[in-house]
Amino acid sequence: HEVPVTWSSLWDGPEDTVQYLRSLAGRLMALDTWIHRAQANQIYKSAGLDLSEIFRPGTFLNALRQETARQMKCSMDGLKFVCWWKGVNYSTNHNITITVGELYLEGCTFDGKHLSENERNSSTVAAI
């Protein structure tokens, strides 16, 4: 049960048709939440955005970059992407910040400060 090429051209999801449709349905349900957050101007105030809920996370991050550049009145090339891990003190003097949740690492482990290569018996995917 392979996903038709026309479907894959719209969104690069799972290759199995059933998994593709389940994933599509989940994203469509989550879209309603994202729309409500956007209408209430709450996207940046969310406790943890799950980027797997949207079809093109890179597009969302690029739009975030554009909005930040507009607010800061600078070019997008002049921006620097910065991230902090939970529990680390950080400066809050940035124009736009988001909290991203439901992140997974593949092929490495993270101890809260450092990335390191997986051991032979380590899981290939780890939630952080």
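Since this is a predicted model, take the numbers as computed values, not measurements. The numbers attached to residues start from 1 for each chain and follow its sequence in the written order. It should be noted that, the model being predicted, local features are given only for residues of pLDDT at least 70 and side-chain atom pairs only at 80 or more, the latter also being counted only at that level, while totals for whole chains, interfaces and linings use all residues. Neither water nor hydrogens contribute to the side-chain values; these are computed over all heavy atoms in the structure.

A. Fine view of the environment of Arg-37. Every helix listed is a DSSP run of H or I at least four residues long, and every strand listed is a run of E at least two residues long, numbered separately from the N terminus. Tracing the sequence through the fold places Arg-37 in helix H2 (residues 17-39). As a C-alpha pair, Arg-37 and Asp-111 span 74 residues in sequence and 32 Å in three-dimensional space. What makes two residues a contact is simply this: any of their non-hydrogen atoms within 4.5 Å. Here Arg-37 is in contact with Gln-42, Ile-43, Ser-46 and Leu-49, once residues within four sequence places are set aside.

B. Region of the structure containing the confidence of the model for the chain. In the predicted model, the chain carries a mean pLDDT of 84, and 93% of its residues have values of at least 70. For every residue, the pLDDT score states the predictor's confidence, bounded by 0 at the bottom and 100 at the top. No element of the chain has a lower mean pLDDT than strand E6 (residues 125-127), which averages 81, and none a higher one than H2, which averages 91.

C. Expanded view of the environment of Leu-51. Mapped onto the elements, Leu-51 comes out in the loop between strand E1 (49-50) and helix H3 (57-72). Only protein chains enter the accessibility calculation, which uses a 1.4 Å probe; a residue whose area is less than 20% of its type maximum is buried, one above 50% is exposed, and one in between is partly exposed. When its relative accessible area of 15% is taken as the criterion, Leu-51 is described as buried. Sequence separation between Leu-51 and Arg-65 is 14 residues; the distance between their C-alpha atoms is 15 Å. The contact partners of Leu-51, leaving out residues within four places of it in the chain, are Trp-34, Pro-57, Phe-60, Leu-61 and Val-100.

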